[in-house]
Amino acid sequence: QVQLVESGGGLVQPGGSLRLSCAASGAIFNRVSMGWYRQAPGKQRELVARITSGGSTVYADSVKGRFTISRDNAKNTVYLQMNSLKAEDTAVYYCNTFPINWGGTSWGQGTQVTVSS
């Protein structure tokens, strides 16, 4: 099982940047793909980006070219660098395995990202 704690969210203006961190614990972290997910008000939770244990990445079309997912296996941490933020990026952001809840992992509290003027 992987336990997850997200951090780094906040309030930013359109065009701004944030870097989210996800601290993970568990013996399986280095073996699994990880993803960043988000849930906007009134919308279903969606996958934003994912990264394999070896560092291969896949992005949702809506964030491609603006967001970068990365991981540091030595620190058991996955990151999401968010640049050129738009109002549409406003959501609670979560990390999880990919596919979700692999090996018994559960959703954490998430971190709120608000992009507003």
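Structure's up top.
Residues numbered from 1 in each chain as written. Predicted model: local features only at pLDDT ≥ 70, side-chain atom pairs only at ≥ 80, totals over all residues. Heavy atoms only, no water.

A look at the sheet that holds strand β8 (residues 77–82)
Filter applied, for reference: Each pair of strands is called paired provided DSSP finds at least two bridges between the two strands. Here a helix means four or more residues in a row that DSSP labels H or I, a strand means two or more in a row labelled E, and each is numbered from the N terminus. Orientation is described by axes fitted as lines to C-alpha atoms, over the contacting stretch for helices, and by angles from 0 to 180 degrees between their N-to-C directions.
Taken together, four strands build an open sheet; the order of strands is β1-β3-β8-β7 and the sheet is antiparallel. The outermost strands of the open sheet, each flanked by one partner alone, are β1 (3–7) and β7 (67–72). The sheet shows a mean angle of 15° between the axes of neighbouring strands, direction not considered. Taken together, the six bridges between strand β3 (residues 18–25) and β8 define a ladder with antiparallel strand orientation.

Comments concerning unusual backbone geometry
With omega at -5°, the peptide bond leading from Phe-98 into Pro-99 counts as cis. Among the structural elements, Pro-99 can be located in the loop between β9 (91–98) and β10 (111–115). Its identity is not glycine, yet Asn-76 carries a phi of approximately 50°, on the positive side. Checked against the element boundaries, Asn-76 lands in the loop between β7 and β8. Residue Asn-101 is not a glycine yet carries a positive backbone phi of 60°.

Observations concerning the state of the cysteines
We count it as follows: We call a pair of cysteine sulfur atoms a disulfide whenever their separation is within 2.5 Å. Each residue gets one of three labels from its accessible area relative to the maximum for its type: buried under 20%, exposed over 50%, partly exposed in between, using a 1.4 Å probe on protein chains only.
Tallied over the full model, the rule gives one disulfide. Disulfide pairing is shown between Cys-22 and Cys-95; the S-S distance is 1.8 Å. Every disulfide takes its handedness from the sign of the S-S torsion; for Cys-22 and Cys-95 that torsion is 60°, giving right-handed. One end of the pair, Cys-22, is in strand β3; the other, Cys-95, is in strand β9, and 73 residues separate them in sequence. Under the relative-accessibility criterion, Cys-22 is labelled buried at 0%.

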